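Below, each chain spelled out in residue letters.
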Amino acid sequence: AHAFPAGGTYPVSLVVYADSAGIICSDSITKNVVVPDKPTVYFTFSPEPTCLGEPTSFFGTSGNVIQLWYWDLGDGNFATGQNTTHTYATPGTFTVTLFATDALGCRDTVAHDVTVQDVPDISFTVDPNPGCMGQPTSFTSSSTSTISTWLWDFGDGGSSVQQNPTHVYTAAGTYVVSLWAGDTNNCFNHTQQTVTINPMPLANFTHTGPVCTGDTIFFYNQSVSPNGSIERWIWDFGDGNTHTVVATDAPE
């Protein structure tokens, strides 16, 4: 067995010697052995780096007619075909190897390291939750990663690119608030929470009258709350006098 260092045509000679009753006889033969070159093979991949959870695309190339493309993706997964796509389950650096076999059975390999970046960890808090319609709701994001981009969707058509925005809901309801955060590697992660916005109570009252100076005017609360009960009534009589009633003080 012999391994030729390069492709080409080699004149291979064989000389044999035989001992016949003490007489050495010899013969030789030469044959040309054609050794094909290995196929030239390389590949590109995109994107680099790849973010965890996103697919990495691989593109094989050769100057020869390749019959078999075989990929070792470096994480225990394999693929065939000139081009392939793979999504890595963990961050890290993976050595991807491409094996290419041509029509003559000659094979070449090429390998590259592929980097998969972890996505940033993100979370956010809502204050208050539940909130009230027409009043500001504050959102505070947090992360142990270096975040460069924040994208908020407040669930009512409103949005923001601030790190810690404030938003006013104009209608009561339940909203799904989503936050996308991107780090300096342009890797994004997503999280969401449900926010409840309560309707405002409706203030109203009636009174007796007209009355004369010094006579008593009676005021009757007519306020209602579409969601929950009213806990406090604050009266301002317009003459510098006020009166506050809390729910525990209200007459049954």
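Residues numbered from 1 in each chain as written. Predicted model: local features only at pLDDT ≥ 70, side-chain atom pairs only at ≥ 80, totals over all residues. Heavy atoms only, no water.

Draft legend 1. Up close: the environment of Val16. Along the chain, the position of Val16 falls in strand β1 (residues 8-20). Put simply, Val16 and Ile29 are 13 residues apart on the chain and 9.0 Å apart in space, counted from C-alpha to C-alpha. When neighbours within four sequence positions are excluded, Val16 is seen to be in contact with Cys25, Ser26 and Asp27. (Helix = DSSP H or I, 4+ residues; strand = E, 2+ residues; numbered from the N terminus. Contact = heavy atoms within 4.5 Å.)

Draft legend 2. Region of interest: unusual backbone geometry. Cis peptide bonds are those with omega within 30 degrees of zero, and the linkage from Glu48 to Pro49 qualifies with 0 degrees. When you line up the elements, Pro49 lands in the loop between β3 (41-46) and β4 (50-51). Cis geometry is adopted by the peptide bond preceding Pro128, which originates at Asp127 and carries an omega value of -10 degrees. Note on placement: Pro128 falls in the loop between β11 (123-127) and β12 (131-132). Non-glycine residue Ala21 carries a positive phi angle of around 55 degrees.

Draft legend 3. Representation of the state of the cysteines. Evaluated as defined, the whole model comprises one disulfide. The disulfide that involves Cys51 links it to Cys187, with 2.1 Å between the sulfurs. Where Cys51 bonds to Cys187 through sulfur, the torsion about that S-S bond is close to -90 degrees, and the disulfide is left-handed. Of the two residues, Cys51 is situated in strand β4 and Cys187 in the loop between β17 (173-183) and β18 (188-198); the sequence distance between them amounts to 136 residues. For Cys51, a relative accessible area of 4% corresponds to the buried category. A residue is classified by how much of its surface remains accessible, and Cys187, at 0% relative accessible area, is buried. (Disulfide = S-S within 2.5 Å. Buried < 20%, exposed > 50% of the residue type's maximum accessible area, 1.4 Å probe, protein only.)

Draft legend 4. Geometry of a nonpolar patch on the surface. Together, Phe205, Val211, Ile217, Phe219 and Phe237 line one region of the surface with nonpolar side chains, adding up to about 400 Å² of accessible area. You can call Phe205 partly exposed: its relative accessible area is 43%. (Patch = residues over 30% accessible without salt bridge, like charges linked within 9 Å, V, L, I, M, F, W, Y side chains within 5 Å. Areas by Shrake-Rupley, 256 points an atom, 1.4 Å probe, with all protein chains shown as cover. Salt bridge = Lys/Arg side-chain N within 4 Å of Asp/Glu carboxyl O.)

Draft legend 5. Representation of the layout of surface pockets. Computed from the structure, the largest pocket encloses a volume of approximately 470 Å³. Lining the largest pocket are 22 residues, and of these Pro201, Ile230, Glu231, Arg232 and Trp233 sit closest to its centre. Elements with a minimum of two residues in the lining of the largest pocket: β12 and β21 (232-236). Top element by residues in the lining of the largest pocket is β21. It accounts for four residues. Looking at side-chain class alone, the lining of the largest pocket contains 11 nonpolar, nine polar and two charged residues. Around the second largest pocket, the lining residues are Phe219, Asn221, Trp233, Trp235, Phe237, His243 and Val245. Here the residues of the lining of the second largest pocket sort into five nonpolar, two polar and no charged. (1 Å grid on protein atoms, 1.4 Å probe; cavity = no way out; pocket = protein on both sides within 12 Å on 5 of 7 lines; lining within 4 Å. Points joined across faces, edges and corners; volume = space filled by probe spheres on them. Nonpolar A, V, L, I, M, F, W, Y, C, P; charged D, E, K, R; others polar.)

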